[in-house]
Amino acid sequence: MDSSDFESICRACMKKGSLISLFTYHHNYSVQLWEMLHLCSSIAINPEDNLPRNICTECKVSLIALYKFRDTILTTDAILRRLLKGGRHKAAKDIVDEVKVEPTEERAEIISYREEIVKAESDEKKKVKSLQCETCGKFLSCHSNLAQHMRWHTGEKPFACDLCGKKFARSEHVRIHRRIHTGERPHACKICHKSFVQYASLAAHSRTHSGERPHTCRVCGKSFSQSASLTYHTRTHTGETPFTCQICNKGFAYSGNLSIHMRFHRNERPFSCDVCGRTFVTSSHLAAHTKQHTGDRPHRCDVCGKAFMRSEHLKDHRVTHTGEKPHACKLCPKRYTQSSHLNRHMKSHKT
């Protein structure tokens, strides 16, 4: 490897792969990736230093998690020192708000350095930036790919199935979807001969035979059989919510969650109970409701034998045996066994 490879390697680990510019903004923190790297490692970064300008997706996840942790401990330290100096009579939330808006030398340094970076941008870089997604920072090779990519953020689905009306973001997804109506399943497993509508489903299924989980999270070490599952999982570490509701601006980690959310705005309740006729926004809500008619309680406590209709109710119940209090208040040291108890407690900070 020599300097001619710098365009295609990661600044952090020197590996090749899927890269993103260090001069991309992270929308949750309003800083660029190079700023995160500078603050977490103290290395100097400049677009004119002829060093690698990109970071790989794996290192990006690790960097954001490190920056998030660093921001948390610095904020906590500032709050504790404020309390020590006589802020004990203030509400904890007010102290948090004060600390977050305080100017710091570090932020002044970043602002100054950022201005230098902006001045140093070349015309060629500006052309490339025209093909950069403003929401997540991803670079696209052409305008059509950028337009197609933006549909993942906006939720736009211009391609409709002529048989059922279901809509999709890409035309090839309609073609694959139509196989559900035609019964076509062209991709078959060579081991158990189970067939699938699309090849990606077959590839994921094949790993159930091999036990292979090749996609590993660099933050917590959890592994997945599909790259998409890893992508979704990493957002639990980074806090990214790239799918935004155009009505209320609420952000979501997954496009499916945005689609479900939009039903609340449109007052759509497509899932109906065959027994009482009550309608629901999601199929999971309907499934939970039908157990009220059948009396089915499949989730049983292995300590006392008490049974529940929903798995989350069993999870909440188990802490009564362990004494665990997993729900912690972010503004004071109190912890609770139930999320509902925490929600009730949080109202005391607002008054």
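Quick caveat: nothing in here was measured; it's all calculated off a predicted structure.

K.L.:
Explain the overall build of the protein to me, and be specific about the residues and the numbers.
P.N.:
Helix and strand content of the protein: 13 helices and 18 strands. For the protein, the residues scored as buried account for 30% of the 351 residues in total. Counted over contacts in the protein with a minimum sequence separation of 6, partners at least 24 positions apart contribute 30%.

K.L.:
A description of the pattern of salt bridges should follow, citing residues and the corresponding values.
P.N.:
Enumeration according to the criterion identifies seven salt bridges in this entry. Salt-bridge contacts for Arg-170 lead to Glu-172; the nearest nitrogen and oxygen are separated by 2.6 Å.

K.L.:
Please set out the environment of Cys-161 residue by residue, giving values where relevant.
P.N.:
By the element assignment, Cys-161 lies in the loop between β5 (159-160) and β6 (167-168). Exposure remark for Cys-161: the relative accessible area of 4% places this residue in the buried category. Remark: the alpha-carbon pair of Cys-161 and His-173, spanning twelve residues in sequence, is separated by 9.5 Å. The contacts of Cys-161, once residues within four sequence positions are left out, are Lys-166, Val-174, His-177, Arg-178 and His-181.

K.L.:
Go over the packing of aromatic side chains, please, and point to the residues and values.
P.N.:
Per the stated rule, a full pass over the model turns up two aromatic pairs. With 6.5 Å between their ring centres and 45° between their planes, Phe-23 and Trp-34 make a pair best called tilted. With a gap of eleven residues between them, Phe-23 in the loop between β1 (19-21) and β2 (25-26) and Trp-34 in helix α1 (residues 33-41) connect regions that are remote in the sequence. Ring centres 4.9 Å apart and planes at 80° place the aromatic pair Tyr-232 and Tyr-254 in the edge-to-face group. Taken together, the positions of Tyr-232 in helix α9 (residues 227-238) and Tyr-254 in the loop between β12 (251-252) and α10 (255-266) put the pair 22 residues apart, joining distant regions of the chain.

Analysis parameters
- Residues numbered from 1 in each chain as written.
- Predicted model: local features only at pLDDT ≥ 70, side-chain atom pairs only at ≥ 80, totals over all residues.
- Heavy atoms only, no water.
- Helix = DSSP H or I, 4+ residues; strand = E, 2+ residues; numbered from the N terminus.
- Buried < 20%, exposed > 50% of the residue type's maximum accessible area, 1.4 Å probe, protein only.
- Contact = heavy atoms within 4.5 Å.
- Salt bridge = Lys/Arg side-chain N within 4 Å of Asp/Glu carboxyl O.
- Phe/Tyr/Trp six-rings, centres within 6.5 Å; stacked < 30°, edge-to-face > 60°.

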